[in-house]
Amino acid sequence: MSKFQAPKGVSEYFPPNSDQFEFVRDKLINSAKLAGYSLIELPVFEDTEVFTRGVGESTDVVSKEMYTFEDRGGRSITLRPEGTAGVMRAVIEHNLDRGQLPVKLFYTGPFFRAERPQAGRYRQFYQVGIEAIGYNDPEIDVEVIAVADSAFKALGLKQYKLNITSLGDSSSRAAHRTELVKFISTLKLDDETIARSKLNPLRLFDDKRDEIKQAMAKAPLLLDFLNSESKSHFEEVKRLLTEIGIEYTINPRMVRGLDYYTGTTFEFDHALLGAQSGIGGGGRYDGLMNSLGGSDVSGIGFGLGVDRILMAALAENSLPVELNQIKLFIVPITEQGKNEGFKILSQLRAAGITCDMAYGDRGLKGGMKAADKSGALYSLVIGDDEISNGKCDLKLMSNGQLISSSLTASELIKRVGNSI
Ligand code: HAM
């Protein structure tokens, strides 16, 4: 065992499988870019209050899972457990909401939650997220959901399901809260659960204990308390989803793990992932900017879990077999061959062809072994004869077929380049 190990519960990606992680992440990003979202690159740590105020004290994320520490200047700092609160902090700080609306942003990177590690649940994990800020109409809710859905489709995923509900506007939530609090007061609960329900009574819908689940089976549902405005917004979201062919299930008991949500909320689950089946989720957060000291601007977004989406794609066997394939692998067998090979390599790379070479004095056998291991499409042996004749054989690695070619970069680029 090596002297040092990675901290418990983190996800790490290294060759050869890191190509798959990169492929998945890039597909998710690409879907956001196709819909006009631009990159926002933010720090992985923020003032702790950004999250306590933004995400909410009733959540597990804030109350149990944050990596919080004091920096050398005595400030309380937290490693970001999620992206939305930090994006809002940046939007307010840099006045991004003063221009054309909606502001459409995407981000990607590591997030940190001190959860109990298990398959698909990590303490450092990766998300691709988007946020559309400053526009309130149902089309933007549907656009955000559609960006996630098309990313999953681009990855060839099939066995996922979209759950949606609406938390309504503040007056709908207030009407429901009164009834829910009344209902909860009739239940026998421990002190901790009572304290939690006082911060946010909706949290009890998310309680995993059987007795609470049973008790909450008869609780009043927010969806039944939507006023006409919230109801028609949600109706329009559903209509538009159907219009663009996105299937959904309405789940009125769905509670997201963060407190800032209002209106449309949604989650994507994957059928083959077991307990940690949530591959992404999001929703509207119309009061968040305001609670962080900004203007009263609405927003909606999602976070997609790259680690879990990769697991889902592997489970569905939907990833291409060869990613970032090396097209040509050069095997030099003499000093001169090394020199020539090195020159050709740099010319091929300048032409955008992925290529590599056997370093060190490996000889023919060792060099071919390295070519084989690299997964290259073609190999090329270069010795003194090839150089003096100006001719060489490209070997198609899959079946050993030899293709003769002149030993010039331009000819090799043509041959290898055309085969892509
Ligand atoms: P979230 O539902 O907390 O939402 O996280 C989004 C996704 O991140 C989850 O669906 C899951 O795939 C992944 N994820 C969360 N925790 C872990 C973990 N410990 N290990 C592996 N994957 C994990 C948010 O974070 C919101 N900021 C999304 C959002 C953006 N809402 C509005 N805008």
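Here, every reference points to the structure presented above.
Residues numbered from 1 in each chain as written. Predicted model: local features only at pLDDT ≥ 70, side-chain atom pairs only at ≥ 80, totals over all residues. Heavy atoms only, no water.

Some thoughts on helix α5 (residues 138-154)
For the α-helix, the turn length of 3.6 residues means that residues three or four positions removed from each other point alike.
Inference 1: End to end, α5 covers 24 Å across 17 residues, agreeing with the expected 24 Å (1.5 Å per residue, within 8%).
Inference 2: Taken across its 17 residues, α5 has 12 buried, putting it largely inside the fold.
Inference 3: All of the buried residues along α5 are Pro138, Ile140, Asp141, Val142, Val144, Ile145, Ala146, Val147, Ala148, Asp149, Ala151 and Phe152.
Inference 4: Residue glycine 156 follows α5 closely and has a positive phi angle near 80°. (Helix = DSSP H or I, 4+ residues; strand = E, 2+ residues; numbered from the N terminus. Expected span 1.5 Å × (residues − 1). Buried < 20%, exposed > 50% of the residue type's maximum accessible area, 1.4 Å probe, protein only.)

A word on the site of the ligand
Inference 1: Neighbouring the ligand are 27 residues; Glu82, Glu115, Tyr122, Tyr261 and Gly278 lie closest to it.
Inference 2: Between an oxygen atom of the ligand and a side-chain N or O atom of arginine 113, the distance comes to 2.8 Å.
Inference 3: Glycine 280 is positioned such that a nitrogen or oxygen atom in its backbone is 3.1 Å from an oxygen atom of the ligand.
Inference 4: Here the ligand loses 95% of its free accessible area of 650 Å² to cover by the protein chains.
Inference 5: Those elements giving two or more residues to the shell around the ligand turn out to be β6 (124-133), β10 (278-284) and β11 (299-305).
Inference 6: A total of 6 residues in the shell around the ligand trace back to one element, the largest contributor, which is β10.
Inference 7: Its residues assigned to classes, the shell around the ligand shows 9 nonpolar, 11 polar and 7 charged. (Near = heavy atom within 4 Å. Polar contact = N/O pair within 3.5 Å; in protein donor to acceptor, adjacent residues only side chain to side chain. Areas by Shrake-Rupley, 256 points an atom, 1.4 Å probe, with all protein chains shown as cover. Nonpolar A, V, L, I, M, F, W, Y, C, P; charged D, E, K, R; others polar.)

Section: helix α11 (residues 306-315)
Inference 1: Summarising burial for α11: 7 of the 10 residues are buried, a large majority.
Inference 2: Those residues of α11 that sit buried are Val306, Asp307, Arg308, Ile309, Leu310, Ala312 and Ala313.
Inference 3: Following α11 by one or two positions, asparagine 317 has its phi on the positive side, about 55°.

Some thoughts on the sheet that holds strand β13 (residues 355-357)
Inference 1: Spatial strand order, β13-β12-β14-β15-β16: 5 strands in an open sheet with mixed pairing. Strands with a single pairing partner mark the edges of an open sheet, and in this sheet they are β13 and β16 (402-406). Between one strand axis and the next, the sheet turns by 25° as a mean value, whatever way the strands run.
Inference 2: Running over the sheet, helix α15 (residues 409-418) touches β12 (328-332), β14 (378-382), β15 (391-396) and β16 and is turned about 145° from β16. (Pairing = 2+ DSSP bridges. Axes fitted to C-alpha atoms, helices over the stretch in contact; angles between N-to-C directions. Contact = heavy atoms within 4.5 Å.)

Some words on the packing of aromatic side chains
In this description, an aromatic ring pair is defined by two values, namely the gap between the centres and the angle between the planes.
Inference 1: Under the counting rule described, the total for this entry stands at 11 aromatic pairs.
Inference 2: Aromatic side chains tyrosine 13 and phenylalanine 21 sit 4.1 Å apart centroid to centroid with 15° between the ring planes, which places their arrangement in the stacked category.
Inference 3: Classification of tyrosine 13 by relative accessible area gives partly exposed; the value is 28%.
Inference 4: Residue phenylalanine 21 is classed as buried on the basis of its relative accessible area, which comes to 7%.
Inference 5: Their ring planes at 75° and their centres at 5.2 Å tell us that phenylalanine 21 and tyrosine 126 sit as a pair that is edge-to-face. Taken together, the positions of phenylalanine 21 in helix α1 (residues 18-34) and tyrosine 126 in strand β6 put the pair 105 residues apart, joining distant regions of the chain.
Inference 6: Aromatic ring contacts, followed pair by pair, group Phe152, Tyr160, Phe266 and Phe268 into a single cluster. (Phe/Tyr/Trp six-rings, centres within 6.5 Å; stacked < 30°, edge-to-face > 60°.)

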